[in-house]
Amino acid sequence: MQSYDIRENKIILRIQDRVCDSAEEILSSDLFRGIVTDGVNKLVKRKSVLLDVFGKKDVSGQDIDILIETLKFLTKMPASLVPNVVPGAGVLLRNTTLFNDFIEYLYNYWRSFDRFIISSDSMGRNWDKRPYRTFNETIGFLTNLIRGMYRDIQENVTGQHPRIYRQVAAGAEVSTIAVARDMKLPEEYRELNKVPLIRQMLIYPPLILTPPMNKRSGRFERVEDNPLKGVDFGNGEWLCYPAKVGTLIILIYFHYSFAELGHSLCNLFQLAEDEDLERAPDAVYAFGVPENALSRYECKQVFFDDEKNNVLVGAVPLTAEFGYFGYLKKMVLTLHNIIMMKRGILPFHGALVRLILKGNIDRTILFIGDTGAGKSETLEALRGLGEEIIQDFIVIADDMGSIQISPEGKIIGYGTEIGAFLRLDDLQPGYALGQIDRAIIMNANQVNARIILPVTTYDQVVKGEEIDFIFYANNYEDIDESHPIIERFKDVEKALSVFGEGTAMSKGTTTSVGIGHTYFVNPFGPAQYKELHDPLARKYFEAFFKNNVFVGQMRSRLGLPGWERKGPQEAARELLKVLHIKN
């Protein structure tokens, strides 16, 4: 049994038993008829010359029926024979060159959608216990079937075999195995157990996606009651991505209308193992709740600190303005950061890497900075510049993480994500193409085009590394004698002042412009819980200086015109020199 949804530019095919197992079954399906009808209607609106296939500009339902019946026979026999068995096919096939162009249009129209297969386990097939076989039986089989059907029709229309075959992902681009499971949720949240949990995924990268928005606006606000109260999660339009965010388990529920964003989480957060789901989650986040569920709040991107049940709850409404991956990623990290602070752990907004250089030099560096400050860009420049002296380049955190003081007093850093959400414009030329076989690319033809890439392993994220250098990523100041690329702070007060002010030049990743200030460049938890963060920050910065950690700032100049690439490259060169300095 199968059903489908067409939502904007997405097709979601839900499978509980099997996919179509023949070309005729595909051509007879409601989904195929819907795609053909929509595709033809677009031609009608354009008054396309391809409509000459029908011999008229106003195409009726009966014309669609004749077309589909013609296609069924074209999978089996040459075009010259089809009019003998399908009344009306002669009109369609009187110009085979034009008809072939029409078939090419329909094939490309189908492939213009973001296509998802969700295999749910309500039939007791235990698909998640044999995922490779399941993926072969669904996405693999459907891909081969559709591609083969297209080629059979094309060859029977043209009477020729193609000289070049392109193995495009003709079926679906993403396939998911989702199972029902009773999570250890408080009674008030039992409704969430109606949502299947993703247990395995298969993707065909590169995924080129075009979500409704390409920027994030505002910050997440704390509310005093549960934003999920009364929301219906049993309507069959939700999936759950159970994510390992650092050491936390956060259940991320996303609506089908945001399917392209929800499925992209696979390149950013580690999917929780079965044993991880044996314990109660630390937080839940619903991405795409009905707009009226949040109408009582002035801000629509909200979280609730449910102290009674010891769980944090986030919610964002199902409206196009929130159709951006940043709203998904940053709310999850906000929940993570709040939990860390409540446990006495200092969260950071930045990048943490371990560099092992030739000459037995092992350094772990933390760059703290706002989005677009040059953290990731400097690291990528460093990776390229230091090939001859860098033995190993280990990413621990690309965007968010936490710092702990060990019982021995050491400063230990941890990450949260296994992936990176990067601006394409700020990467070195060719870098994205070099990673294209793993990439999810969003809004490729727009400002703030982004790429999501796996950059590290979960073991590296949670292992913990002693930090040697902590830099504020300064992207707004130019360089002169008084403002070197790398500056070391002499005392705690100066460091707290620079880090606390959080000054940065906007890079167009949000709707803000120009120079801005954000409390510790972290509007994702610390800004909402200053009463928790203030004493933690002082305690930790005092520990940094006590342990002789190099605390300073690095001027990347990424926010200055003309320095978008040169700035991070020069910062990387200077950093390589500083790394040789013994603390």
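Treat the numbers as computed from the prediction; the structure is a model and nothing was measured.

Right, let's get into the overall build of the protein. Looking only at helices and strands, the protein features 14 helices and 27 strands. Whereas a compact globule of 583 residues would reach a radius of gyration of roughly 25 Å, the protein reaches 27 Å, a difference of no more than 12%. Dimensions of the protein along its principal axes, counting C-alpha atoms only, are 90 × 55 × 45 Å. Accessible area for the protein stands at about 24,000 Å²; split by element, carbon and sulfur atoms hold 49% of it. Both charge centroids of the protein, one from 68 positive and one from 76 negative side chains, sit 2 Å from each other.

On to helix α2 (residues 30-46), then. Compared with the 24 Å implied by 1.5 Å per residue over 17 residues, the 25 Å span of α2 between its first and last C-alpha is a close match. When α2 is considered as a whole, its buried residues turn out to be Leu 31, Phe 32, Gly 34, Ile 35, Val 36, Gly 39, Val 40 and Leu 43. Lys 47 sits one or two positions beyond α2 and adopts a positive phi of about 55°.

With that settled, the discussion passes to the sheet that holds strand β20 (residues 440-442). With mixed pairing, the four strands of this open sheet are ordered in space as β6-β20-β21-β19. Unpaired on one side and paired on the other, β6 (207-209) and β19 (419-423) mark the two borders of the sheet. Each strand of the sheet is rotated relative to its neighbour by a mean of 20°, with strand direction disregarded. Relative to β20, β6 runs parallel, the two being bridged by three bridges. Residue pairing in the sheet places Leu 209 in a bridge with Met 442 of β20.

Moving on, we get to the side chain of His 336. In this fold, His 336 is placed in helix α8 (residues 325-342). Residues contacting His 336, with those up to four places away along its chain left out, are Val 245, Leu 248, Ile 250, Gly 401, Ser 402 and Thr 416.

Note on placement: Lys 329 falls in helix α8. Within the structure, Lys 329 has its side chain in polar contact with the side chain of Asp 399 (distance 3.1 Å). When neighbours within four sequence positions are excluded, Lys 329 is seen to be in contact with Leu 268, Asp 399, Glu 417 and Phe 421.

A few words on the packing of helix α9 (residues 375-385) against helix α14 (residues 566-578). It is the contact of α9 with α14, at a shortest axis distance of 8 Å, that shows an interaxial angle of 65°. As for the relative orientation of α9 and α14, their crossing is right-handed in sense. Within the contact between the two elements, α9 uses Glu 377, Thr 378, Ala 381, Leu 382 and Leu 385 and α14 uses Pro 568, Gln 569, Ala 571, Ala 572, Arg 573, Leu 575 and Leu 576. Split into classes, the residues belonging to the contact of α9 with α14 amount to eight nonpolar, two polar and two charged.

Cut-off values and rules
- Residues numbered from 1 in each chain as written.
- Predicted model: local features only at pLDDT ≥ 70, side-chain atom pairs only at ≥ 80, totals over all residues.
- Heavy atoms only, no water.
- Helix = DSSP H or I, 4+ residues; strand = E, 2+ residues; numbered from the N terminus.
- Rg over C-alpha atoms; globule rule 2.2 N^0.38 Å.
- Areas by Shrake-Rupley, 256 points an atom, 1.4 Å probe, with all protein chains shown as cover.
- Lys, Arg positive; Asp, Glu negative; His and termini not counted.
- Charge placed at Lys NZ, Arg CZ, Asp CG, Glu CD.
- Expected span 1.5 Å × (residues − 1).
- Buried < 20%, exposed > 50% of the residue type's maximum accessible area, 1.4 Å probe, protein only.
- Pairing = 2+ DSSP bridges.
- Axes fitted to C-alpha atoms, helices over the stretch in contact; angles between N-to-C directions.
- Contact = heavy atoms within 4.5 Å.
- Polar contact = N/O pair within 3.5 Å; in protein donor to acceptor, adjacent residues only side chain to side chain.
- Left-handed = near helix turned anticlockwise from the far one by under 90°.
- Nonpolar A, V, L, I, M, F, W, Y, C, P; charged D, E, K, R; others polar.

Interpretation in functional terms is not warranted from these geometric data alone.
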